[in-house]
Amino acid sequence: MATTLDSPRSPYARPTGKRGTNWEKWGWIYMRASGVVLIVLIFGHLFVNLMIGKGVDAISFGFVAGKLASPFWQWWDVAMLWLALIHGGNGMRTIVNDYATQRVTRGIFKGAILAAVVVLIVLGTLVVFTFDPCPAGSPADLLPSFCPAI
């Protein structure tokens with residue numbers, strides 16, 4: 001009878017001498033934690049936008065402008081944006097790792113996913129924090145009715 005030392009190593013066993021950060025484990029943990037936080041953020045967003053006040057009929061440019069004028073809602077939306085994009089990018093990375101068989105192809109796909117996530121995070125964050133519904137110097141006929149006339 002063969003002992004444990006004589007039997008071949010299982011391909012599913014983790015190497016014992018491997019050191020460093022286990023990025024797959026942290027990616028898995030991130031997906032679960034961000035998923036729970038995203039549920040709270042998304043349902044809070046939907047509740048405030050659709051259930052409080054006049055409901056969906058109240059959603060207009062002025063409603064969005066009013067929400068984005070509040071630092072609380074700016075940070076709420078940015079947290080939702082960042083978590084959702086990183087969560088989705090990590091999910092896409094997992095799919096690429098599972099299905100892309102060539103190392104170069106996998107690298108190209110993961111680089112494209114990273115670039116898309118970074119660009120969308122930067123642009124989305126800029127929009128949330130720099131949004132101005134009443135820009136100076138705009139023609140009065142193009143401004144919303146709640147903007148003060150200059």
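What counts and what doesn't
- Residues numbered from 1 in each chain as written.
- Predicted model: local features only at pLDDT ≥ 70, side-chain atom pairs only at ≥ 80, totals over all residues.
- Heavy atoms only, no water.
- UniProt positions renumbered as here; feature names shortened; annotations may be inferred.
- Helix = DSSP H or I, 4+ residues; strand = E, 2+ residues; numbered from the N terminus.
- Phe/Tyr/Trp six-rings, centres within 6.5 Å; stacked < 30°, edge-to-face > 60°.
- Buried < 20%, exposed > 50% of the residue type's maximum accessible area, 1.4 Å probe, protein only.
- Lys NZ or Arg CZ within 6 Å of the ring centre and 35° of its normal.
- Axes fitted to C-alpha atoms, helices over the stretch in contact; angles between N-to-C directions.
- Parallel < 35°, antiparallel > 145°, perpendicular 65-115°, else oblique.
- Left-handed = near helix turned anticlockwise from the far one by under 90°.
- 1 Å grid on protein atoms, 1.4 Å probe; cavity = no way out; pocket = protein on both sides within 12 Å on 5 of 7 lines; lining within 4 Å.
- Points joined across faces, edges and corners; volume = space filled by probe spheres on them.
- Nonpolar A, V, L, I, M, F, W, Y, C, P; charged D, E, K, R; others polar.

Overview of the UniProt feature "transmembrane region" (unreviewed entry) in the chain
Thought 1: Annotation from UniProt places "transmembrane region" (unreviewed entry) at residues 29-52, 72-90 and 111-131.
Thought 2: From the first C-alpha to the last, residues 29-52 spans 34 Å; its make-up is 96% helix and 0% strand.
Thought 3: Regarding residues 72-90, the helix share stands at 100% and the strand share at 0%, and the terminal C-alpha atoms are separated by 27 Å.

Topic: the packing of aromatic side chains
Thought 1: One pass over the structure, following the stated rule, counts 5 aromatic pairs.
Thought 2: An angle of 55° between the planes, with centres 5.3 Å apart, marks the rings of Trp73 and Trp76 as tilted. Remark: Trp76 and Trp73 occur in helix α3 (residues 71-99); sequence separation between them is 3 residues, near one turn of the helix.
Thought 3: Trp73 gets classed as buried once you look at its relative accessible area, which sits at 16%.
Thought 4: Taking the ring centre of Trp73 as reference, the NZ or CZ of Lys67 above it sits at 4.3 Å.

Brief notes about the packing of helix α1 (residues 23-51) against α3
A pair of packed helices is characterised by two quantities: the angle between their axes and the separation of those axes.
Thought 1: Put simply, α1 and α3 touch, their axes get as near as 9 Å, and they point 140° apart. Classed by the angle they form, the pair α1 and α3 counts as oblique. Considering the relative orientation of α1 and α3, their crossing is left-handed.

Examining the layout of surface pockets
Thought 1: The space that makes up the largest pocket amounts to roughly 330 Å³.
Thought 2: Elements that contribute at least two residues to the lining of the largest pocket include exactly α1, α3 and α4 (103-130).
Thought 3: Looking at which element gives the most residues to the lining of the largest pocket, the answer is α4, with 6 residues.
Thought 4: The residue inventory of the lining of the largest pocket, partitioned by class, reads 9 nonpolar, 3 polar and 2 charged.

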